[in-house]
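Coordinate analysis (summary)
Residues per chain are reported as follows:
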Amino acid sequence: MHPCFVGSPEANLALRLDFDSIIVTVLTGVLPASWDWRHMPAAAYAARALPESNLKNVRRVDGRHAMTEDVMLVGDNPLTKRLRQLLAPAGHCVRVDPAALPEGACTAIVVATDDDGHNLDLALLAMERSPPTRHVIRIDSPALARGLQERLPTAVILCPPAIAASSFAAATVHPTLQGALQVKGELHVLWETRVPPADAQILARDDQGECLVLAPWQEVAEWLAKDGPVPRQVPAGGEAPDWPDWRGIALDPVVVVSVACFLGLLAFGTLFFAYAKSLSWLDALYFTATTVATVGYGDISLHDASVLPKVVGIGMMFAGVTSVSVMTALVTDGMFRYRTAVLKGHRRSRLQGHVVLCGLGRLGVGIIDVLQQMGEQVVAIEPAPDPLLARLIQQHGVQLIQADASHPESLAFANLPQAKVLIAATGEDLVNIRIALTSAAICPSLPMVLRILTPELAHRAQQFLGFGRTLSPARLAAEAFAAAVLKDDRVCLVAEWRGQMIELIETGDGQIRVRDT
C-alpha cells in the first residue's frame, strides 16, 4: 500500500510515492541544493517543494518511512465533521473514513459512527492492530459508556448525549446558567454573574466585568430566587393567547344512539304498561326495567294479560338483552379507553412553572436527570417511549404524555401556557423546528431551547428563526473529543460562553479547572 502526502497544496499534487521516492523525500533536507533533480522521479519534485514542517508526518514503520495521517476519524456525521474542523487548525492531518481503519501508524484513532455496536467493534479491532495509539470511542448509551470505560481504562470513551445534557438543562433553568456537573458528590453550575459568591471559582472574565464562575447549585439558586422569575417577553400584539376551551368534546355517535334507544325503550314500556295493566307510573317503570333486564321477580307478571301485552313483553325482553349488552360493551370500552388515556398521559397537567420536554431519547433522559437534581418539575412528551423507561421516569415524578409533540393537542395536555420553558430535543432537527413553530403560534412569549444536531444549522436557526437558544450536541461533544485527541484530557463539561467554548476537566485531586487550549 502506497502512502500519500497530506500537507500543502503543492504536496497534494504529488503522485503516490513508491519506496525509493520516499527515501529521496527523507534525504531532501540532506542533499545539496545543486543536486540535479531532473534525474529523479516526478514525485521527488513534489517532495522538494514540501516545506520542512510537513516532514513531521514522515515516520518509520517496520524499518521504512511512510507518510501517515496524524488522526484517523471513523465515521461521517456532524460530529466528525466538526471534529475535523477543530483538529485541522491545530496542525493535525486528518483523514475521515466511514468504514475502514488505518493500516499505518496514527497518533489517535477516533471511532465515532452513529451506531454504538459498530463503534465498539471497530474500536476493539483498532486496539488490537495498534495498541500504542490513543483510542477515542463514541458510545451514545450513558450506562454502556460507563461500563466500557471501567473495562477499557486506556481508551477514552465519550457519550455525546451526557456531555450535552447539562448545557440543555442549565439553559432551561435560567438564562445565566451555562452548564451543570457533579463535584465531589455535590451539584455545581456554571453561572454568569457580575458579583460572584465568595467561595465561587472564577473560570473566565470578559471586558464588561461579567464573570463565568463555578459555584454550588444551592448557593446559586438562592441568589437567583432573590431576583425572582425571569419575565416573559410579551409581543407587541398583547398577552400570549391562552388555549381554547377543550370542554366541548364531541361525543361518539354510537354512544349517543345507544343511550337514546335504551331510554326510549324504557319510556315506551313505562307508558304502555301503565295503561295496559293499570299500573302507576312508578310500578310501570319498575316492571319495564325488570323486563328489559330479564330479572323479573314475579311480583308483577304478564301471566293473565291479553295477547298484545304478552307480545310487547316478549319483544322488550329481546330488545332489553340487546340494549344491555350494547351498553355493557360501551361502558367497558369507555373504561378501557379512559385507562389507556391515563396511562398515556392524555390528561391536562395541573403543573405550573414546569418544563415541557419533547423527546425522550438518551439526550432527553439526561436532561431530566439534571433538571430533577436542580429541583425542576418536568412533563415529557414522546410518541413511542420504551415501556421500561416510561415506568422508571413516571416513578420519579415525571408526567409522560405519549403523543406527537408537534400537534397542539399534545401540548395542551402538557399545559404549555403555564410552563416555564419548552425543550425540543427529539432526534430529528426538522421535528424540533416544527415543535417550536407550533409552540410559538400558541404561546409567543414562551422561552424555548432547541436541539439542532448540525452546528451550522443551529447557528442559523437561532439567528434567523428567533427560537431562543439552539444548542448542537455535535458541537458540544466535538470539543470533548478534540481535547481527548490533542492532550488526552477527559473533559467533564463543555459550555459555550461569549461565542467561545469553555471546557472543564477534573484534575487528579478532584478539582475542576478550565482546559488550556
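Residues numbered from 1 in each chain as written. Predicted model: local features only at pLDDT ≥ 70, side-chain atom pairs only at ≥ 80, totals over all residues. Heavy atoms only, no water.

**Re the pairing of strand S5 (residues 108-111)**
Burial along S5 is two-sided: Ala108 and Val110 and Ile109 and Val111, pointing in opposite directions, are all buried. Bridging between S5 and strand S6 (residues 134-138) involves 4 bridges; their strand directions are parallel. Pairing of Val110 across the sheet is with Val136, part of S6. Regarding topology, helix H5 (residues 116-129) serves as the crossover connection from S5 to the parallel S6, and that connection is right-handed. (Buried < 20%, exposed > 50% of the residue type's maximum accessible area, 1.4 Å probe, protein only. Helix = DSSP H or I, 4+ residues; strand = E, 2+ residues; numbered from the N terminus. Pairing = 2+ DSSP bridges. Right-handed = clockwise from strand over helix to strand, strands pointing away.)

**Points about the packing of aromatic side chains**
The final tally for this structure, using the stated rule, is 5 aromatic pairs. On the numbers, 5.8 Å between centres and 75° between planes, the contact of Trp191 with Trp223 is edge-to-face. Taken together, the positions of Trp191 in strand S9 (residues 186-193) and Trp223 in helix H8 (residues 217-227) put the pair 32 residues apart, joining distant regions of the chain. Taking 6.1 Å as the distance between ring centres and 20° as the angle between the ring planes, the aromatic pair formed by Phe268 and Phe272 counts as stacked. Taken together, the positions of Phe268 and Phe272, both in helix H9 (residues 253-276) and 4 residues apart, correspond to about one turn of that helix. (Phe/Tyr/Trp six-rings, centres within 6.5 Å; stacked < 30°, edge-to-face > 60°.)

**What to know about the sheet that holds strand S20 (residues 512-514)**
Pairing within the open sheet is antiparallel, and its 3 strands lie in the order S18-S19-S20. At either margin of the open sheet sits one strand with a lone partner, and together these are strand S18 (491-497) and S20. Each adjacent strand pair in this sheet contributes to an overall mean axis angle of 25°, direction not counted. Looking at chain direction, strand S19 (residues 500-506) and S20 are connected through 3 bridges and run antiparallel. Residue pairing across strands places Leu504 opposite Val514, the latter belonging to S20. Along the sheet, helix H17 (residues 473-486) makes contact with S18 and S19, crossing S18 at roughly 130°. (Axes fitted to C-alpha atoms, helices over the stretch in contact; angles between N-to-C directions. Contact = heavy atoms within 4.5 Å.)

**What about the nonpolar core?**
Membership of the largest hydrophobic core comes to 66 residues, with the highest contact counts inside it found for Val110, Leu177, Trp217, Ile367 and Ile423. Looking at this core element by element, the count peaks at 10 residues for H17. The contacts of Ile423, once residues within four sequence positions are left out, are Phe168, Thr172, Val355, Val356, Leu357, Cys358, Ile367, Leu371 and Val449. Counting 24 residues, the second-largest nonpolar core is a separate cluster that includes Val356, Cys358, Leu422 and Ala424. (Core = buried A, V, L, I, M, F, W, Y, C linked by side-chain atoms within 4.5 Å.)

**Thoughts on the packing of helix H7 (residues 160-173) against helix H12 (residues 362-373)**
Two elements in contact, H7 and H12, have axes separated by 8 Å at closest approach and are oriented at 50°. As summarised for this structure, H7 and H12 are arranged oblique, according to the angle between their axes. As for how H7 packs across H12, the hand of that crossing is right-handed. Residues Pro161, Ala164, Ala165, Ser166, Phe168, Ala169, Thr172 and Val173 of H7 form the contact with H12, whose own contacting residues are Arg362, Leu363, Gly366, Ile367, Val370 and Leu371. (Parallel < 35°, antiparallel > 145°, perpendicular 65-115°, else oblique. Left-handed = near helix turned anticlockwise from the far one by under 90°.)

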